[in-house]
Amino acid sequence: MSRRGQAGTMGTSVFPCLFVILLTGGSPAGCAGDGASASHSTASTAEKPVPLNDIVDAEAFISGAEVAVIGFFQEPESPEASQFLLAAGRIPEVPFGLSTSPAVLSRYGVAANTVTLFRRVDNDRRDLDMNSKDVDAEKMTRFIRMNELRLVTEYNPVTAIGVMQSSFQLHLLLITDKMSPKHPERMRRYRAAAELFKGKILFILVDSNLKSNERTISFFELKKSQLPALAIFHTPDEKQDVLTLDEVSIERVQDFCNRFLQRMQKKEDKLEEKALNDEL
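Model, not experiment: these values are computed from the prediction.

Caption draft 1: Fine view of the environment of L98. Its place among the elements puts L98 in strand β4 (residues 96–99). When its relative accessible area of 14% is taken as the criterion, L98 is described as buried. Between the C-alpha atoms of L98 and N53, which are 45 residues apart in sequence, the distance is 8.5 Å. Each residue touching L98, except ones within four places of it in the same chain, is listed here: P49, V50, P51, L52, G71, F73, P76 and F84.

Rendered as structure tokens:
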């Protein structure tokens, strides 16, 4: 079953309201804690952080992971570098690299004492200035968790911030129970579909088994008996569409996304046509 809608008809904006729900854990007064993204790669057993002595090393390191973090330092024994090492130990599934090479710092246009997160899903990066005295391993860990968007990113109060700040205007949510025995196969198919829309749509996982996500589910007027389901929304005009599924398949996800993109394109064409007629 597909259900179209626009956020404005629900009395508020889908995008800000949805993130208020996520950021407060369902309460208007608080902010929930940390969390990790979906579909993490296997925890790295390699040395952490990896020394990056030249540009070739750095480029290979960045291109080898969905999310990669590099600490750029002048002195590897500095207090800032020590905090970086602590953060690296807290996030074993994210590869960490460290470089003191002036050529590498110049290549990426960063000053010393900068931590940079590189991500493949949108070919973007985020920089954290470590020169501020109040930046420690805890804040660095939150910075990484907040910005580690992946091919499929799990929705939680921390990654919600990174999603909101990303350049993606289209977001697709798969709302499903991670405890289901069907979950691994659903994720395999969902990730495969995400590959088809890389750079166009940000694919997100919402775990319906978590109580903190109940308001997100009800926001899209869904019941647990209707899950799994897809929900897509376009941030500039807050258009949305919902599709309940008997089961997740690459074809169903692809068709749902393509139909939404086609409707958007038709709307854009009509607006351009109207603008031309107005000029005549």
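Now that the structure has been shown, the text picks up again.
Caption draft 2: Fine view of the nonpolar core. The biggest cluster of nonpolar side chains holds 22 residues, and the ones touching the most others in it are L172, Y190, I201, F203, L230 and V253. For this core, the elements supplying multiple residues, two or more each, are β8 (170–176), α7 (183–196), β9 (202–207), β10 (229–234) and α9 (250–279). For F203, the contacting residues outside a window of four places in its chain are L151, V152, T153, L172, Y190, A193, A194, F197, V253 and C257. Within the second largest apolar cluster, 20 residues are counted, among which are A88, L98, V135 and M140.

Caption draft 3: View of the sheet that holds strand β3 (residues 67–72). Strand order in the open sheet formed by five strands is β2-β4-β3-β5-β6, and the pairing between neighbours is mixed. If you trace the sheet from one side to the other, it starts and ends with β2 (50–51) and β6 (124–129), each paired once. Across the sheet, helix α2 (residues 55–63) is in contact with β2, β3, β4 and β5 (114–119); its angle to β3 comes to roughly 150 degrees. Each of β3, β4, β5 and β6 is contacted by helix α5 (residues 137–147), which is oriented at about 20 degrees to β5, the strand it contacts most.

Caption draft 4: How the structure looks around the pattern of salt bridges. The full count for this structure, using the stated rule, is 20 salt bridges. Of the charged contacts, one joins K139 and D134 as a salt bridge, the two residues approaching to 3.6 Å between their closest N and O atoms. With a shortest N-O distance of 2.8 Å, E148 and R145 are connected by a salt bridge. Assessed through its relative accessible area of 0%, E148 is described here as buried.

Caption draft 5: View of the side chain of S78. Positionally, S78 belongs in the loop between β3 and α3 (79–90). Note on S78: relative accessible area 11%, which makes it buried. In this structure, S78 is in contact with F73 and N113, ignoring residues within four places of it in sequence.

Caption draft 6: Region of interest: the packing of aromatic side chains. Per the counting criterion, the structure on display carries eight aromatic pairs. Ring centres of F84 and F96 lie 5.4 Å apart, and the angle between their planes is 55 degrees; this geometry places the pair in the tilted category. With a gap of twelve residues between them, F84 in helix α3 and F96 in strand β4 connect regions that are remote in the sequence. Assigned by exposure class, F84 and F96 land together as buried. Ring centres of Y108 and F118 lie 5.4 Å apart, and the angle between their planes is 65 degrees; on these two criteria the pair is classed as edge-to-face. Of this pair, Y108 sits in the loop between α4 (102–107) and β5 while F118 sits in strand β5, and the two are ten residues apart along the sequence.

Caption draft 7: Just α3, in detail. The terminal C-alpha atoms of α3 lie 17 Å apart, and with twelve residues this matches the ideal 16 Å at 1.5 Å per residue to within 8%. Residues of α3 that are buried include every one of A81, F84, A87 and A88, and no others. Viewed along the axis of α3, the buried residues span an arc of 115 degrees, placing them on a single side of the element. Across α3 from its buried face, at more than 90 degrees, point the exposed residues P79 and G89. Where the residues of α3 are buried, they touch β3, β4, β5 and α5.

Caption draft 8: Molecular detail of a negative patch on the surface. Among the surface-exposed residues, E268, D269, E272 and E273 lie close enough to one another that they form a single negatively charged patch. Overall, the relative accessible area of 46% leaves E272 in the partly exposed class.

The rules behind these values
Residues numbered from 1 in each chain as written. Predicted model: local features only at pLDDT ≥ 70, side-chain atom pairs only at ≥ 80, totals over all residues. Heavy atoms only, no water. Helix = DSSP H or I, 4+ residues; strand = E, 2+ residues; numbered from the N terminus. Buried < 20%, exposed > 50% of the residue type's maximum accessible area, 1.4 Å probe, protein only. Contact = heavy atoms within 4.5 Å. Core = buried A, V, L, I, M, F, W, Y, C linked by side-chain atoms within 4.5 Å. Pairing = 2+ DSSP bridges. Axes fitted to C-alpha atoms, helices over the stretch in contact; angles between N-to-C directions. Salt bridge = Lys/Arg side-chain N within 4 Å of Asp/Glu carboxyl O. Phe/Tyr/Trp six-rings, centres within 6.5 Å; stacked < 30°, edge-to-face > 60°. Expected span 1.5 Å × (residues − 1). Arc of directions from axis to C-beta. Patch = residues over 30% accessible without salt bridge, like charges linked within 9 Å, V, L, I, M, F, W, Y side chains within 5 Å. Areas by Shrake-Rupley, 256 points an atom, 1.4 Å probe, with all protein chains shown as cover. Lys, Arg positive; Asp, Glu negative; His and termini not counted. Charge placed at Lys NZ, Arg CZ, Asp CG, Glu CD.

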